[in-house]
Amino acid sequence: MELLLPAVLNGLTTGAIYAVVALGLTLIYGVLHIVNFAHGSLLMLALYAVYFLHAATGIDPYAALPILAVGFFALGYVIQRLVVQPVSHGKDQNILMATLGIAIVIDNGALALWSSNTRTIDLPYAFDVVEVLGAFIPLPKAIGFFAALGIAGVLWIAIQRTDLGRAIRAVAKERQGARLVGIRVEHIYAMCFGLGTACVAAAACLLLPTFYVTPQVGYAFVLVAFTTVVLGGMGSFPGALVGGLLLGVVEAVAGLYLGESLGQIGIFVIFILVLLFRPTGLFGAKAA
Amino acid sequence: MTKTLNRRAVLAGATAVAGTIAAPAIVGAQQAPIRIGLLHPVTGALAREGSQCREGALLAIEHINAAGGIKSLGGARIEAVLADAQSRPEAGAAEVDKLHEAGVVAIQGPFASGIALATTQAAARHNLAHLVDVGVVDTIVTRGLSNTFRFGPGFGAITRAALDNLVRLNDGAGKPVQTVMVIHEDSAFGSGMARLMNEELPKRGFQVVETIGHPSPQRDFTNIALRVRQARPDLLIPSNYLNEFILMARTLQQQRISVKGIYAVLGGAASNIRFVREHNEAAQHIMDCNHWYDPRKPQSQAFAAGLAAKSIDLTYETMLNYANMQVLADALERAASRDRARVIEALASSTFNDHIMPYGPTKFENGQNTGAQAVNTQIIGQRIEVIFPAAFASATPVFPVPSRG
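Right, let's walk through the structure included here. Worth saying up front: this structure is predicted, and the values here are computed from it rather than measured. (Residues numbered from 1 in each chain as written. Chains lettered and ligands numbered in written order. Predicted model: local features only at pLDDT ≥ 70, side-chain atom pairs only at ≥ 80, totals over all residues.)

**What to know about the packing of helix α12 (residues 316-335) of chain B against helix α13 (residues 340-348) of chain B**
Residue and element names in this part refer to chain B. Look at α12 against α13: their axes get within 8 Å of each other, and the N-to-C directions meet at 115°. Here α12 and α13 pass one another in a crossing that is right-handed. Contacts from A331, L332, R334 and A335 in α12 reach R342, V343, E345, A346 and L347 in α13. Here the contact of α12 with α13 is composed, by residue class, of six nonpolar, no polar and three charged. (Axes fitted to C-alpha atoms, helices over the stretch in contact; angles between N-to-C directions. Helix = DSSP H or I, 4+ residues; strand = E, 2+ residues; numbered from the N terminus. Left-handed = near helix turned anticlockwise from the far one by under 90°. Contact = placed C-beta atoms within 7 Å. Nonpolar A, V, L, I, M, F, W, Y, C, P; charged D, E, K, R; others polar.)

Structure representation (structure tokens):
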């Protein structure tokens, strides 16, 4: 039992990162009603951005967060306006294929440019730990946890309290109605894609101090992020946050008791159980 | 009948003699290079190790060519044909076919055991000599493949040395270690090691309290560190590759795990100078039983100087690949032929002793060099010191290690 608390705390810190990735995904789904297959590839791209920015200028990943969030917001906005929207012709299945195409281009581009070597950054505080109830939490993971909660909070307020947020919610609920009252629906779509991509950049900044980057790294997270989104309820913010934290804990605890090779099973057992007994996800009823 | 010696005859004779003397040099300059396939995983999870292997082999080729190439073949130079096994056995096997088409005389590589099992078999189809540089799994040389040679020690020999030296180390320090925990990566290499440790350690008076497997790559070692804390073993025996070894050592330090020793057997990082340099605190006093060269030999000094000049890290991957290329060059010299069967024969009858490893003359039995042995090292300060066998030792072991507190 003395292992359970440290494992749960470790799971929470990992889960917070899952939650930030999932927040971006659920935002894009909630409004555009599409599953963004390029999400993992954009995460990988953001991790490389953090890595190269650090290598070139020595800038700390946490300090890079605002820069990269703005940069990736712009990237997301442009991808939606210039690629996804023109290709889709208003059909959801076309959007799906467009994001899949973007994913393939980014993945193979990264492989060609940067090879599949593993890259990490070494920070002076990487070994510092915070002691919580007798458990040692590495400082970068603790920072990541609170930053993730902060990001979720800011997004929540932005959606609930700002004009942009109201417009996003209006478009999500009733596309035609929103257009009738003068909301530029295409702009809102692109804003959502941009915000979702900015989330991925934020997750990358929080992740790299304790992790590595390879061209394949996105898949490790995007599968969990999809699971998180469905688990929490498609399009639900609280669902993404709680779902991410829950999956982090489940993964850590399952890894502890079932062994590292089998630990991932826990995630999908929970996933299947939730879908069986609550098909709309944990917070799905409210969002639907 | 008299024969007159006039000026014309003397000139003609002199030209003929000079031509005969100069001929080998001219032929040598015209000799086509001997192509050797260097097959290593230079991308993917094992990219770092594979690249180190390649550098070691290339340095040897450079030295051999600078010393006049293969003299029995008219001073032909060795030319490396580089191939990438992409850290995957099937990719490695596919590269063997390409190397065959490129006309190589022999193949050296491919670092990992799992890949070696596939590439040696693929090379056997083309009757291509395959020198296995590092892959330690014993089945590599027990499948009756006549083209396959391993100059370095196999699993059995290394673990035997590791276990004998562990007993020696523990007895010498007054038996502080009774319980052991094994942490291994879950492919052929790590799992085989874990199985063997579980069989052999109890026979030598150690109790294995827990054995933990993990995949490569492993994202997080926190759980494993927590289980170490719970099981409280006296000694940790890890068997994993570089990235995981570093991640593990760092997590153990972060979690303030204190044990009487970390005794790696073929540890991914414990004999890696980059690990010592970049993570010195986490690396302190970690012991390893691994491949290592004999630094006192004159060839070894040329080797180390060559690496230093190119700013390449001194690792066992570079050592073994350098030595393997030396063995291969000697075999080519004796074969005096590019014929694949002759090269295989020459390797099989090798008694080469001029290499950088602490082995003695080469003697292949069923493809395995019987004189090959591993040594024990320990990270002390900024250096990797040899602590066993006594004949090569450069330091006395620090054991049990000071507590991390």
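**A look at the interface of chain A and chain B**
Taken residue by residue, the interface counts 21 residues in chain A and 22 residues in chain B. Looking at the side of chain A that touches chain B, the elements with two or more residues in it are α1 (4-32), β2 (135-138) and α10 (237-258) of chain A. No other element matches the four residues that α1 of chain A contributes to the side of chain A that touches chain B. The residue inventory of the side of chain A that touches chain B, partitioned by class, reads nine nonpolar, nine polar and three charged.

**Quick notes on the nonpolar core**
Judged by nonpolar contacts, the single largest core of 229 residues is most densely connected at V20, V21, A46 and A204 of chain A. Lining this core are residues from two domains, each supplying at least three of them: domain 1 (30-153 + 295-372) and domain 2 (156-290 + 376-392) of chain B. Setting aside its immediate chain neighbours within four residues, V20 of chain A contacts A148, I151, C199, A202, A203 and L206 of chain A. (Core = buried A, V, L, I, M, F, W, Y, C linked by C-beta atoms within 7 Å. Buried ≥ 20, exposed ≤ 12 C-beta atoms within 10 Å, placed from the backbone. Domains from an automatic or database assignment.)

**Digging into the sheet that holds strand β14 (residues 383-388) of chain B**
All names here are of chain B. Reading across from one edge, β7-β6-β8-β9-β10-β13-β14 is the order of the seven strands in this open sheet, with mixed pairing throughout. Bordering the open sheet on either side are β7 (207-214) and β14, each of which pairs with just one other strand. The sheet shows a mean angle of 25° between the axes of neighbouring strands, direction not considered. Examined bridge by bridge, strand β9 (residues 261-265) and strand β10 (residues 287-290) share three bridges and lie parallel to one another. Within β10, the position partnered with Y263 by the bridge is M287. (Pairing = 2+ DSSP bridges.)

**Topic: the pairing of strand β1 (residues 34-40) of chain B**
Residues and elements named next belong to chain B. Of all seven residues making up β1, six are buried, and the element is well covered by its neighbours. Of the strand pairs in this sheet, β1 and strand β2 (residues 78-84) are connected by seven bridges, and their pairing is parallel. When the bridges of β2 are listed, R35 appears paired with E79. Read as a crossover between parallel neighbours, the route from β1 over helix α2 (residues 47-66) to β2 is right-handed. Sheet topology note: the β1/strand β3 (residues 106-109) ladder contains three bridges and is parallel. Residue G37 lies in a different strand from β3, and its bridge partner there is I107. (Right-handed = clockwise from strand over helix to strand, strands pointing away.)

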